[in-house]
Amino acid sequence: MLLIPCPWCGPRNQLEFTYGGDATVKRPLPDAPMKTWLEFVYLRDNPRGPHQELWHHSAGCRQWFKVLRDTQTHDILASGRADEALPGATA
Amino acid sequence: MRYSIFSLARNALSYHEHWPLAWRSPAPKARYDAIIIGGGGHGLATAYYLAKEHALSNIAVLEKSWLGGGNTGRNTTIVRSNYHLDPNAHFYEFSLKLWESLSQELNFNVMYSARGVLNLVHSPADMDASIRRGNAMRLNGIDAKFLTRDEIARWIPNLDCSPEARFPIHGGLLQPRGGTVRHDAVAWGYARAADALGVDVIQQCEVTGIRIDRGAIQGVETTQGFITTTKLGIAVAGHSGHVAAMAGLRLPIESHVLQAMVSEPVKPVLNTVVTSGAVHFYISQSDKGELVMGGDLDFYNSYAQRGNLPAIELVVSACLALFPSFGRLKLMRTWGGIMDMTMDGSPIIAKLPVKGLTMSGGWCYGGFKATPASGWLHAYTIARDEPHPLNAAFTLERFAEGGMIDEKGAGPYAWAH
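Calculation rules
- Residues numbered from 1 in each chain as written.
- Chains lettered and ligands numbered in written order.
- Predicted model: local features only at pLDDT ≥ 70, side-chain atom pairs only at ≥ 80, totals over all residues.
- Heavy atoms only, no water.
- Pairing = 2+ DSSP bridges.
- Helix = DSSP H or I, 4+ residues; strand = E, 2+ residues; numbered from the N terminus.
- Axes fitted to C-alpha atoms, helices over the stretch in contact; angles between N-to-C directions.
- Disulfide = S-S within 2.5 Å.
- Buried < 20%, exposed > 50% of the residue type's maximum accessible area, 1.4 Å probe, protein only.

### Observations concerning the sheet that holds strand β3 (residues 18–22) of chain A
The strands making up a sheet associate through backbone hydrogen bonding, with each pair oriented either parallel or antiparallel. Residue and element names in this part refer to chain A. What the four strands build is an open sheet, ordered β3-β4-β5-β6; its pairing is antiparallel. Among the strands making up the open sheet, the edge pair consists of β3 and β6 (76–81). With direction set aside, neighbouring strand axes in the sheet form an average angle of 30°. Direction of pairing for strand β5 (residues 64–70) relative to β6: antiparallel, over a ladder of five bridges. Each bridged residue has a counterpart across the sheet, and for Phe65 the counterpart in β6 is Arg81.

### As for the sheet that holds strand β1 (residues 34–37) of chain B
Residues and elements named next belong to chain B. Pairing is mixed across the open sheet formed by six strands, whose spatial order is β8-β2-β1-β12-β19-β18. With one partner strand each, in any of the chains shown, β8 (200–202) and β18 (348–351) form the two edges of the open sheet. Going from strand to strand, the sheet's axes swing by 15° on average, the running direction of each strand aside. Of the strand pairs in this sheet, β1 and strand β12 (residues 232–234) are connected by three bridges, and their pairing is parallel. Note that in β12 the partner of Ile36 across the bridge is Gly233.

### Some remarks on the state of the cysteines
Residue and element names in this part refer to chain A. Under the defined criterion, the tally for this structure stands at zero disulfides over all chains. Residue Cys6 stays outside any disulfide, its sulfur separated by 3.7 Å from that of Cys61, the closest cysteine. Under the relative-accessibility criterion, Cys6 is labelled buried at 4%.

As structure tokens, then:
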């Protein structure tokens, strides 16, 4: 069972959360070239190791936030607000 | 040695002490004409068909661990070709046809059992979609039969077909030729057959880097040293993105963990494969008597080959909603495998944008049943340096060109397929 540290509510059971995917992809401006859009919509680094990802506390405070989690061990290394850089995150 | 009733009898007389090893364990050579990364069913099948259909003689399969220790040994053994979209239907039907004669082809009993795959239908909308898919299958020459609730209730007495069921059953779409295959035997059979054709199957040899010069493959760095080759095929399922990154490529793939589990073994209680798309659950009974079941992903990126309890609880609750009598059984084992989830839910069997580099991956949930066709078409693509019509649609470029093959219409969310 993952114990996910919501920045607002503290550590909570994973059942309260919905996964939101890779947090490093940034939505391009509408006039960005197609290649940039392709990368945003489809391509992922998919790292084996620390992964910055979005989670939604959907059955709690309903905030979106960032988590740094190791995809090999499922260890959660850090969490924080969606609009701030996470400590220890590389990108 | 050819396996037969006579070889069995001969070896019985010597107390089975003189069976030869099924394959060699050679040290890697300095150079190969083609190298396949990944010693699961897909990689071994690719090497086998390269040697058999395309007469390549100097081939190696590199496996970081032991043969079939990844998803080949972790799936729920189901084979089927009940797809709606043409590229998927033709591809998986080709695969099912190869399954039907694979034991004879490999001289190894893979225990293909055409016990049928039944997709349950739980609502009128579900019924429309299933009949439409069944019609599409029949137009593509694939067997499909719609069963009414009463027919299902007579056939599978322990399935709760009552109107009071938590998810009432309205009917089901059956593919009679679908069924199960003994999964380990697939890796062993292909390894033995490839070895007999001279393929070097090298275990405990992890690829740690891919050497590229002027846009062309030069060889691979491994834990057993550098090996030269100009043709490199990737067949590593959940690690596709990890290995492709060694060649500087980003793929439209996320790796997710999918769990499966078995109950304690019991006498025969279920003689087909039952699946439900509405609760996302699938179950069959192995020849050992265990009920083999699985359901959804854990829904977060993972390379861990193990998952968490909420996904298991969902599978078990779906099982009990459909088969209340199975509540008396204990779960014996659970495990996880890493799924290479693509952004449209369909695989990539194609040349990559590095000369000499190909991949067969992006299997999502569907890799095991694709094994023979994946190997056959990957071998064709490597040997001819162009795709076969059956895998021409499964390119990497389809994501840029708008040619997605999205069976569910789920959109670009890897974990939604």
